[in-house]
Structures are given as structure tokens and as C-alpha cells.
Amino acid sequence: MKFIFMFTLLFAGIVHAQVWEQSGETADNIPTDFQARPFVESDFLKYPWLKEFTNVVVINKSNEGSDRQTLRLFVNGKLSMMTKISSGRETFEKGCAPGQDPKIHHCSVRPYWSTTPVGYFDVDKLDENYFSNLWKTWMPFAVFFESGIATHQAPAGTEPNLGKRASGGCVRMHPNYAPIIFNTVKSAGMGLIPVIKRDGTLKTTAQGDVVRTQGYKTLVIVQNVVK
């Protein structure tokens, strides 16, 4: 019986290690921030195409400076709201060990780096009551903008962490503010927008014409700057 028990633990550990390896992310593979042009408010004058977006959401994931861990919402080029957030911990999440439960032990289903990506992003989709299969928790008022990363309401009990890095990669907000972002994006709806590259430059044709497409009239900018 003891041999069977030890074999079971060993087998579970091997499976866990295989999942870790197959995830494509390892503790040694430290991600680096994408190089994108930092946003400043004068950009609305310098880059008129910004005003083709009804909303511009600017997130600073820095852990230092007066502007650290903040989200600013610009509507029609004017600052409408600013609030504290919690972006990704920027650490390697080892994933749940055999026998652990994500909700009880606060671990992820698989190993990965809890990084909030830097760059300029379109909004992918809205989900008012999204459930994360990775962390087995609810993400109310989710506004997705990059590979499963979204702005959303902070899980109950995590509100005191707002203002510092504390999430699994998403951008958490206070329950008073997450619905505002969600509804503002929803109200602006979709339309013809310029295609913005992740580095913050316009996509143009060989002739120099701006490429446009149908999408949400909201641009999300994530940066890591110390102010």
C-alpha cells in the first residue's frame, strides 16, 4: 500500500512537471516589456488619429512613481476618470501542486508569467460576468484587450491591494469603477477605426494611406513608466 501511495505521488509530480514544460513558459524564461511609445496627453494634438477613438484607456503598470498602478479614461480627448488598479504581479506562477484547489490555495491551473503586456491594443470583446478557468474565479465587467488579458472588477477581498501589483496579469479595479469602464466602452460601440500597431504607430499602405477596420471605438494603452 505504501509503495502504491508513493508511486501515485511520483506520477502526479511528473504530470505536473510535464504540464509546466508544455505551457511554453518557465521560471528562467523571464519576459521583457514590449517597446512602445509612452502616451502623454499632448498626443491628442500631435496624433489626430487618436481622436478617432471615442475612448482611450491608459494604464500605467509601473510599481514606482506618482502615476504608478493607475488607469486613466479619456473620452473624446478629455480626462474623464482616474483610479488605482492592480496589474500583474510580474512573477512566475508555478501553478497548483497535485491536490491543490485554485480557489482554496489561490494558485493557477497552469504555470505561467503573470505579466500585463505593454503596448497599444484594440478591445477584443466585452463580458459582463466572465469566469476565469485559469484561476477559477469570476471577473465581472471584463473588457478584453489582449490574449485573455482584461480590465475587470477586483475579486472580493482583494480591494486593499489596489495601487500595487497583485493580479494574475489582468487589470483589476474597484467595484465602483469597473462598471464605468465596461459601460463606457459598450456605449461607444463599434465603428471604423485606424489600425494601430502595438508600438503605437499607424498601420499604412504602401502609398501611405491609413489602414482602417471595424472595431470597438476604444483604444487601450498599457505602459510601464515612472512619473
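Quantities reported herein were computed from a predicted structural model and do not represent experimental measurements.

**Notes on the overall build of the chain**
Here comes step 1: Helix and strand counts for the chain come out as four helices and 13 strands.
Here comes step 2: Expressed as a percentage of its 227 residues, the buried residues of the chain come to 42%.
Here comes step 3: Considering only residue pairs separated by 6 or more positions, the chain has 59% of its internal contacts joining residues 24 or more positions apart.
Here comes step 4: Of the roughly 12100 Å² that the chain leaves accessible, carbon and sulfur atoms contribute 56%.

**Comments concerning the side chain of Ser86**
Here comes step 1: Structurally, Ser86 is set in strand 3 (residues 78–86).
Here comes step 2: A distance of 2.9 Å separates the side chain of Ser86 from the backbone oxygen of Lys164, its partner in a polar contact.

**A word on unusual backbone geometry**
With the exception of glycine, the majority of residues adopt a negative phi angle, and the majority of peptide bonds are in the trans configuration.
Here comes step 1: Even without glycine at this site, Asn76 takes up a positive phi of about 55°.
Here comes step 2: On the accessibility criterion, Asn76 (55% relative accessible area) is exposed.
Here comes step 3: Backbone geometry at Phe141 places phi at a positive 55°, although glycine is not the residue there.
Here comes step 4: For Phe141, a relative accessible area of 18% gives the class buried.

**Overview of the pairing of strand 1 (residues 55–60)**
Here comes step 1: Among the six residues that make up strand 1, six are buried, leaving the element largely enclosed by the rest of the structure.
Here comes step 2: Judged by which residues are buried, strand 1 turns out to be covered on both faces: Asn55, Val57 and Ile59 on one side and Val56, Val58 and Asn60 on the other are all buried.
Here comes step 3: Taken together, the six bridges between strand 1 and strand 2 (residues 70–75) define a ladder with antiparallel strand orientation. Bridge pairing in strand 2 links Asn60 to Thr70.
Here comes step 4: Bridging between strand 1 and strand 13 (residues 218–223) involves six bridges; their strand directions are parallel. Among the inter-strand pairings, Val57 is bridged to a residue of strand 13, identified as Val220.

**Topic: the pairing of strand 3**
Here comes step 1: Summarising the sheet, strand 2 and strand 3 pair through six bridges and their orientation is antiparallel. If you follow Phe74 over to strand 3, its bridge partner there is Leu79.
Here comes step 2: Two successive antiparallel strands, strand 2 and strand 3, enclose a turn made up of two residues, where Asn76 displays a positive phi of approximately 55°.

**Points about the side chain of Ser87**
Here comes step 1: Mapped onto the elements, Ser87 comes out in the loop between strand 3 and strand 4 (92–93).
Here comes step 2: By relative accessible area, Ser87 is classed as buried at 0%.
Here comes step 3: At 2.8 Å, the side chain of Ser87 forms a polar contact with the side chain of Gln69.
Here comes step 4: Leaving out residues up to four positions away in the same chain, Ser87 has contacts with Lys61, Gln69, Thr116, Lys164, Arg165, Ala166, Ser167 and Cys170.

**Details of the packing of aromatic side chains**
Here comes step 1: For the coordinates displayed, the defined rule picks out 10 aromatic pairs.
Here comes step 2: Look at Phe39 and Phe44: their rings are 5.6 Å apart centre to centre, the planes differ by 80°, and that puts the pair in the edge-to-face class. Each member of the pair Phe39 and Phe44 is classed as buried.
Here comes step 3: Through pairs of rings, three or more aromatic residues link up here, namely Phe39, Phe44 and Phe74.
Here comes step 4: Just above the ring of Phe144 sits the side chain of Lys125; from NZ or CZ to the centre is 5.0 Å.
Here comes step 5: Over the ring of Phe34 we find Arg198; its NZ or CZ atom is 4.5 Å from the centre of that ring.

**Notes on the nonpolar core**
Here comes step 1: Core analysis: the biggest nonpolar cluster contains 21 residues, and Ile59, Leu71, Phe145, Ile181 and Val220 have the highest contact counts within it.
Here comes step 2: Listed by contribution, the elements that provide at least two residues to this core are strand 1, strand 2, strand 3, strand 8 (137–146), strand 10 (171–173), helix 4 (178–188) and strand 13.
Here comes step 3: Element by element, the count of residues in this core is highest for helix 4, at four residues.
Here comes step 4: Phe44, Leu50, Phe53 and Ile196 belong to the second largest nonpolar core, which has 14 residues in total.

Procedures and definitions
Residues numbered from 1 in each chain as written. Predicted model: local features only at pLDDT ≥ 70, side-chain atom pairs only at ≥ 80, totals over all residues. Heavy atoms only, no water. Helix = DSSP H or I, 4+ residues; strand = E, 2+ residues; numbered from the N terminus. Buried < 20%, exposed > 50% of the residue type's maximum accessible area, 1.4 Å probe, protein only. Contact = heavy atoms within 4.5 Å. Areas by Shrake-Rupley, 256 points an atom, 1.4 Å probe, with all protein chains shown as cover. Polar contact = N/O pair within 3.5 Å; in protein donor to acceptor, adjacent residues only side chain to side chain. Pairing = 2+ DSSP bridges. Phe/Tyr/Trp six-rings, centres within 6.5 Å; stacked < 30°, edge-to-face > 60°. Lys NZ or Arg CZ within 6 Å of the ring centre and 35° of its normal. Core = buried A, V, L, I, M, F, W, Y, C linked by side-chain atoms within 4.5 Å.

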